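# What the coordinates show
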Amino acid sequence: NWAAFWFMLPTAAFLILFLAYPLGLGVWMSFTDERIGRAGAFIGIENYQWLWDDSIFWLSVFNTLLYTLIASAIKFAIGLYLALLLNRHMPFKAVIRSIVLIPFIVPTVLSAIAFWWIYDSQFSIISWSLIKLGLIHTNINFLGDTEWARASVIFANVWRGVPFVAITLLAGLQTVSPSLYEAATLDGATSWQRFRFITYPLLTPIIAVVMTFSVLFTFTDFQLIWAMTRGGPVNATHLMATLSYQRAIIAGQLGEGAAISSAMIPFLLAAIMISWFGLQRRKWQQGESND
């Protein structure tokens, strides 16, 4: 028992120092009026009261939920399809799997800059192609129009996040015994029935975990949005993370920025609970007790 404790101690110390302490400090700071270069005094929930009446904050909450729900749903659908496709026997399967990973391993800022040029109001390759095809007559202002901007950043996030979902689900598919599919085929099951009654139930715990991480990554996304739009136009793409950075670092209001960050915690806890229930179901499927 003591050996296990000493082995866990370095990891526990690392988590406390770099995760628990900053989190606790941020929550405490949200109850102060601290600013850059000046120590703050305790003001209770005044920052939260201010945010409650702040229309930009509620717009960022709406943007964050919209961004997270739509992007996560699309990433799951495309990722699951790619995982099922890559799980089949095909030539050059290893090479194709490596290519699928490219969007995920490219640095986020480089991806954002690339999409920033793709969406450029004057030199967009998308607008140029559509004009040449005769489908449109003027360039689309992707990042200058509120609705186009939201759709553009969601597409960029989907492009970057699909490989993570696909490869993780593919790893889960590798654990499903082929004998189950063989038995179902002999019983006359169709492809859809094999997926519904074998693949999906056995993959459900993995889906719960991978989608929880996908939601966490998407909900807390900062680099992609900040590099592409800075939250514009007219705060249409401001997420809670980018608004917190703008208020805390750019404007110097550390207490208010910390309050925005702390407001993200309930959403993140909800996602973690989903992951926990997914792990519990995994134990049940393996014949283990949940106690």
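Here is a short report on the structure shown in this document. (Residues numbered from 1 in each chain as written. Predicted model: local features only at pLDDT ≥ 70, side-chain atom pairs only at ≥ 80, totals over all residues. Heavy atoms only, no water.)

Along its length, the chain carries 13 helices and 0 strands. Dimensions of the chain, computed from C-alpha atoms along their principal axes, come out at roughly 70 × 70 × 30 Å. Within the chain, the proportion of its 291 residues that are buried is 37%. Taking the intrachain contacts of the chain between residues at least 6 apart in sequence as the baseline, contacts between residues at least 24 apart amount to 67%. If you sum the accessible surface of the chain, you get close to 17300 Å²; carbon and sulfur atoms cover 71% of it. Across the chain, the centroid of the 16 positively charged side chains sits 12 Å from that of the 14 negatively charged ones. (Helix = DSSP H or I, 4+ residues; strand = E, 2+ residues; numbered from the N terminus. Buried < 20%, exposed > 50% of the residue type's maximum accessible area, 1.4 Å probe, protein only. Contact = heavy atoms within 4.5 Å. Areas by Shrake-Rupley, 256 points an atom, 1.4 Å probe, with all protein chains shown as cover. Lys, Arg positive; Asp, Glu negative; His and termini not counted. Charge placed at Lys NZ, Arg CZ, Asp CG, Glu CD.)

Turning our attention to helix α12 (residues 254-262). Buried residues dominate α12, accounting for 8 of its 9 residues. Along α12, the residues classified as buried are Leu254, Gly255, Glu256, Gly257, Ala258, Ala259, Ile260 and Ser262.

With that out of the way, let us pick up the pattern of salt bridges. Overall, the coordinates contain 4 salt bridges when judged by the stated rule. Ionic pairing is found between arginine 247 and glutamate 256, a salt bridge with its closest N-O pair at 2.4 Å. With respect to burial, arginine 247 and glutamate 256 carry one shared label: buried. By sharing partners, the salt bridges in this structure join Asp54, Arg247 and Glu256 into a single network. (Salt bridge = Lys/Arg side-chain N within 4 Å of Asp/Glu carboxyl O.)

Next up on the list: the packing of helix α5 (residues 108-118) against helix α7 (residues 146-173). Running from N to C, α5 and α7 cross one another at 135 degrees; their axes reach a closest spacing of 11 Å. Here α5 lies oblique to α7, going by the angle between them. The chirality of how α5 crosses α7 is right-handed. Counting all contacts with α5, which are made through Thr108, Ser111 and Phe115, the residues of α7 involved are Phe155, Ala156, Trp159 and Arg160. Taken together, the residues of the contact of α5 with α7 sort by class into 4 nonpolar, 2 polar and 1 charged. (Axes fitted to C-alpha atoms, helices over the stretch in contact; angles between N-to-C directions. Parallel < 35°, antiparallel > 145°, perpendicular 65-115°, else oblique. Left-handed = near helix turned anticlockwise from the far one by under 90°. Nonpolar A, V, L, I, M, F, W, Y, C, P; charged D, E, K, R; others polar.)

Moving on, we get to α7. With 28 residues, α7 extends 39 Å between its outermost C-alpha atoms, agreeing within 8% with the 40 Å of an ideal straight helix rising 1.5 Å per residue. A maximum bend of about 35 degrees is found in α7 at glycine 161, where proline proline 163 lies one to four positions downstream. The backbone nitrogen of glutamate 147 lies 3.2 Å from a side-chain oxygen of the residue at the head of α7, namely aspartate 145. (Expected span 1.5 Å × (residues − 1). Bend = angle between axes of the 7 residues up to and from the residue. Polar contact = N/O pair within 3.5 Å; in protein donor to acceptor, adjacent residues only side chain to side chain.)

Before going further, it helps to spend a moment on the nonpolar core. Counting 18 residues, the largest nonpolar core has Tyr67, Tyr119, Leu224 and Met228 as its most contacted members. Residue assignment for this core shows that the elements contributing at least two residues are α3 (55-86), α5, α7 and α10 (223-228). When residues in this core are grouped by element, the largest group, 5 residues, is from α7. When residues no more than four places from it in sequence are discounted, the contact partners of leucine 224 are Tyr67, Thr108, Ala112, Val153, Ala156 and Asn157. (Core = buried A, V, L, I, M, F, W, Y, C linked by side-chain atoms within 4.5 Å.)

As far as function goes, none of this settles anything; it's purely spatial.
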